[in-house]
Amino acid sequence: MALAPSLQSLPAVSGSTPLARSVDYLRISVTDRCNERCLYCMPEQFQAWTPREEILTYEEILTVVEVAVGRGFKHFRVTGGEPPLRRDIAYFIGELVRTPGVETVQLSTNGTRLPELGEALYASGLRRLNISLDALDPDRYRAITHGDVTPVLAGIRHARALGFPSIKLNTVLIRHKNESEIWPLVEFAASLQIPIRFIELMPVSLTEMLTEKNFLPVGEVLAMLADKDKLIPLEEKMGHGPAKYYRLKKTGAVVGFIGALTNLHFCESCNKVRLTADGHLRPCLGHHGEYQLKPALRPVLNKLELRALLDQALAEKPPEHEFRNNWQPQRIMTAIGG
């Protein structure tokens with residue numbers, strides 16, 4: 001299904017002009033498996049999981065990290081799929097945290113396994129969590145994720161009690177699915193003193209999700225919140241991504257907005273590339289170009305070739321995504337990494 005005409009008509013801004021961007025942020029997918037099936041991420045009947053032998057080992061990922069650090073990378077996020085589904089994830093994160101040159105490590109999670117793994121993750125040295133939360137109402141949450149919100153809320157509270165200094169909540173906006181949840185989510189985040197970020201739908205896995213019926217722009221949500229409370233722009237940068245943050249004066253809530261489609265300058269400061277669980281380096285989520293690293297890792301490690309592949313990927317990082325240009329996904333989001 002093609003993108004909605006109103007979204008196709010949004011203009012590009014960067015053209016072919018190279019942008020002066022410092023790329024120092026690697027998102028590392030450790031698995032393509034997930035225990036939820038979010039409407040915007042995974043087709044309901046999808047079963048085409050990557051064979052285990054094709055998934056990079058932790059040792060191979062850490063080798064890529066070592067080479068990336070030598071190329072100037074400082075910030076790393078562990079993603080999936082759902083990373084805590086992979087065995088010994090706390091061990092891997094501990095090794096990543098202790099890698100020389102690594103300055104920050106974050107974990108993206110749906111929160112379902114935090115009640116049982118929170119202590120081990122904290123003990124590994126992890127201090128930054130990004131937790132998906134698309135609704136508080138159990139029925140609405142299940143309609144969006146096909147999952148149960150109860151362990152997620154327990155996991156968020158558990159992580160807060162453990163003392164993680166950086167926790168952020170992420171909410172993907174879907175009209176007629178969770179707009180009525182926006183203010184309750186803001187109040188929930190404020191009650192725990194946790195920032196919450198609202199993210200526009202992107203056609204990362206399923207183009208049929210990105211229709212005018214489903215699409216809820218962040219600007220509309222910002223206006224919705226402004227009707228309830230005064231939004232004060234925050235100048236300081238929170239994290240390493242593209243979110244623009246505000247503080248709500250009365251509630252004290254900190255809210256961020258990520259508008260990949262309606263923010264025409266979204267890509268101009270992009271500082272990230274992605275490593276897929278099966279060993280591809282992807283310079284841009286909204287471009288199909290990938291670089292297979294396995295030949296430099298298996299059967300014999302060749303760090304010079306690995307460095308050359310990384311350099312090539314960085315040199316060919318496109319100036320902007322193609323989500324507005326009738327984008328047709330070739331791999332689902334869990335296969336690419338969040």
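As shown above, the structure is provided for reference.
What you are looking at is a predicted structure, and each value in this text was computed from that prediction instead of being measured.

A. A look at the packing of helix H2 (residues 58–70) against helix H10 (residues 303–315). Between H2 and H10, the least distance of the axes is 10 Å, while the angle of their chain directions is 60°. Read as a crossing pair, H2 and H10 show a hand that is right-handed. Where H2 approaches H10, its residues Thr63, Val64, Glu66, Val67, Ala68 and Gly70 are matched on the opposing element by Lys303, Leu306, Arg307 and Leu310. Of the residues that constitute the contact of H2 with H10, the class distribution is 5 nonpolar, 2 polar and 3 charged.

B. View of unusual backbone geometry. Of note, the bond from Gly80 into Gly81 is cis; its omega dihedral lies within 30 degrees of zero at 15°. Structurally, the position occupied by Gly81 is in the loop between strand S2 (75–79) and helix H3 (89–97). Of the consecutive residues Arg298 and Pro299, the connecting peptide bond is found in the cis state with omega at -5°. Mapping Pro299 onto the fold places it in the loop between helix H9 (294–297) and H10. Phi at His176 is positive, roughly 70°, even though this residue is not glycine. Structurally, His176 can be placed in the loop between strand S5 (166–172) and helix H7 (182–191). Judged by its relative accessible area of 52%, His176 is exposed. A positive phi angle, near 55°, is found at Gln193, a position not held by glycine. Mapped onto the elements, Gln193 comes out in the loop between H7 and strand S6 (196–199). Taking relative accessible area as the criterion, Gln193 reaches 66% and is therefore assigned exposed.

Rules behind the numbers
- Residues numbered from 1 in each chain as written.
- Predicted model: local features only at pLDDT ≥ 70, side-chain atom pairs only at ≥ 80, totals over all residues.
- Heavy atoms only, no water.
- Axes fitted to C-alpha atoms, helices over the stretch in contact; angles between N-to-C directions.
- Helix = DSSP H or I, 4+ residues; strand = E, 2+ residues; numbered from the N terminus.
- Left-handed = near helix turned anticlockwise from the far one by under 90°.
- Contact = heavy atoms within 4.5 Å.
- Nonpolar A, V, L, I, M, F, W, Y, C, P; charged D, E, K, R; others polar.
- Buried < 20%, exposed > 50% of the residue type's maximum accessible area, 1.4 Å probe, protein only.

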